[in-house]
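Each chain, written out:
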Amino acid sequence: MLLILAAFAIIAYRLDGGDLVSPRFLLCVALIASYGLVLLNYNNWDVHINGKFVLYVSTAVAAWILGGALVKKLTPKKSSVAIGDKLPLFAANIRYKYPVNAFMLLSIALTAAYAFKLLSDAGGGSFSERLRAIYDNVVNGYTPGFIFNQMFEIVIAVAYINTFRLFQRIFSRHDKISIVKLSIPIVMFLIAVLVTTDRNILLRYAIYFACMYVFFFYENRRFKRMNVAILRRVALMVIIVVIAFFVMGLAKQYKSSFLDSISVYGGSGLYNFNLWLESTGGGSAGGASETFGTFVRVVGDLLGRIGIKLDISYVERFDEFITFTSSTGYVYSSNIYSALKPFVADLGYFGAVFFPFLLGMFYQWLYLRAKRYKYKFSWAVYCMLLYPIVFFPILEQLFNRFTLGFVYELVWLAIIYYSVYGRRRYGRIARRAPVKAVQGVKAQ
């Protein structure tokens, strides 16, 4: 299985020209990392890999790669370098004032209000006990309300846009905007994430941050073995995020050791899929209730508000727990599954072909747009939507994450981005900016 995944990774790497953030390559890397955790626990979990698991996972990766290849084949190649694509980085963004102070004050105010609301609703006790109470409340359906949820979505969107602007500052020699002021909304976001106790939000931001960094690095650095340099830097980011992930677990009174915590979260989803195939045979349920359960819940909730009752009792918010006891006596309990589980539960083996093929097409389209329209909203969207690929061995995140809250997050991201980098202002500044000829292309 490991050799098959490694072979797919090499194929994907070559197909996309050695790009570290191409969706096909990232999928293979995520699966290798998760499977590596399974092998790391080979004795503890008494690992037995069945043939169906190898077949289903291999089929899914192959379908994803083929879906991407189809989109790449149908997408016309860019005939020349568009000089305007490179203007926003240094010319347009430096010539007008970025609202760094407004974003800083807004993030501080919204984070303070949001954190106060959650901690107040959690009751008394120590900070750690309150965080645990917040986590238990959320699992049982707690929400602070529409207004406070929108506050949090705005904090997220501002942090994402400020990260984009922070990299512009880092990679520019002429930009004098304050790095401290740009960083404060990001710190406020991290504080809000700590209070929510949702470590997935931290991981999603870390993926966004790393992907955006790689995009900027590729466009502004030119030397041999660039990928080696990028991997060294990203490896340090990964170490920091993994430690922060574990500390957040301790803050809400998780008792697992570091290795157990990382292994169960990152590796048990893939191995649980293996156990699930072994126990059920991967038969089809004849529908799509698991894959599109979030959509059903959202539609049912919206219709219920206008008096139309829709039976959604059969749709579970969380997967059932697997409690696994190995022959060595090691026990772990987890509700984390691979993204393949709902696909196969709904459509059988065909689900392991159909859904990954569609996802491969969708992400390759996003990726090609991000490569074509540099330093623009396509970068932010691609980096923001990349996490379902990294989460693929753990659980399904694209369809199940498409809640009303996620829609609000996208909307606020677009509003804030275009309020800062709006086309009218953007184009006017770009035309005034001096343009140097790019090799092989005449200056316009």
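Residues numbered from 1 in each chain as written. Predicted model: local features only at pLDDT ≥ 70, side-chain atom pairs only at ≥ 80, totals over all residues. Heavy atoms only, no water.

(A) Highlighting helix H7 (residues 146-171). The end-to-end C-alpha distance of H7, which contains 26 residues, comes to 38 Å, matching closely the 38 Å that a straight helix rising 1.5 Å per residue would cover. For H7, the buried fraction is high: 21 of the 26 residues fall into the buried class. (Helix = DSSP H or I, 4+ residues; strand = E, 2+ residues; numbered from the N terminus. Expected span 1.5 Å × (residues − 1). Buried < 20%, exposed > 50% of the residue type's maximum accessible area, 1.4 Å probe, protein only.)

(B) Spotlight on the pattern of salt bridges. Under the counting rule described, the total for this entry stands at six salt bridges. Notably, a salt bridge pairs Lys72 with Asp16, separated by 3.9 Å at the nearest N-O pair. In this pair, Lys72 is assigned in helix H3 (residues 51-74) and Asp16 in the loop between helix H1 (2-15) and helix H2 (23-40), connecting sequence segments 56 residues apart. Between Arg132 and Asp136 there is a salt bridge, and its shortest N-O distance comes to 3.5 Å. Note that Arg132 and Asp136 are positioned in helix H6 (residues 127-139) at a spacing of four residues, about one turn of the helix. Overlapping salt bridges, with partners in common, bring together Asp16, Arg24 and Lys72 in one network. (Salt bridge = Lys/Arg side-chain N within 4 Å of Asp/Glu carboxyl O.)

(C) Structural detail: a positive patch on the surface. Together, Arg173, Arg221, Arg225, Arg232 and Arg233 give the surface a local cluster of positive charge. Residue placement: Arg225 occurs in the loop between helix H9 (199-220) and helix H10 (226-251). Residue classification places Arg225 among the exposed residues on the basis of a relative accessible area of 64%. (Patch = residues over 30% accessible without salt bridge, like charges linked within 9 Å, V, L, I, M, F, W, Y side chains within 5 Å. Areas by Shrake-Rupley, 256 points an atom, 1.4 Å probe, with all protein chains shown as cover. Lys, Arg positive; Asp, Glu negative; His and termini not counted. Charge placed at Lys NZ, Arg CZ, Asp CG, Glu CD.)

(D) Representation of a nonpolar patch on the surface within the structure. A grouping of Leu55, Tyr349, Phe350, Val353, Phe354 and Leu358 is seen on the molecular surface, where their side chains present a nonpolar patch of about 510 Å² in accessible area. Here the element with the most residues in the nonpolar patch is helix H15 (residues 351-372); it accounts for three residues.

(E) Examining the side chain of Arg24 more closely. Here Arg24 is to be found in helix H2. On the basis of relative accessible area, Arg24 is assigned to the buried category, the value being 1%. With residues near it in sequence (within four places) discarded, Arg24 still touches Ala12, Leu15, Asp16, Trp64, Ile65, Gly68, Ala69, Lys72 and Gln364. (Contact = heavy atoms within 4.5 Å.)

(F) Main features of the nonpolar core. Grouped together as the largest cluster of nonpolar side chains are 130 residues, with contacts concentrated most on Tyr98, Tyr208, Phe273 and Phe392. Here this core takes 15 residues from H9, the largest share from any one element. Filtering out sequence-adjacent residues up to four positions away, Tyr98 remains in contact with Phe103, Ile161, Asn162, Arg165, Ile177, Leu182, Val420 and Tyr421. (Core = buried A, V, L, I, M, F, W, Y, C linked by side-chain atoms within 4.5 Å.)

(G) Molecular detail of the environment of Ser178. By the element assignment, Ser178 lies in the loop between H7 and helix H8 (179-196). Take Ser178: its relative accessible area is 28%, and that puts it in the partly exposed class. Placed 77 residues apart in sequence, Ser178 and Asn101 show a C-alpha to C-alpha distance of 9.8 Å. Here the side chain of Ser178 touches Val180 through a polar contact of 3.3 Å, landing on its backbone nitrogen. (Polar contact = N/O pair within 3.5 Å; in protein donor to acceptor, adjacent residues only side chain to side chain.)

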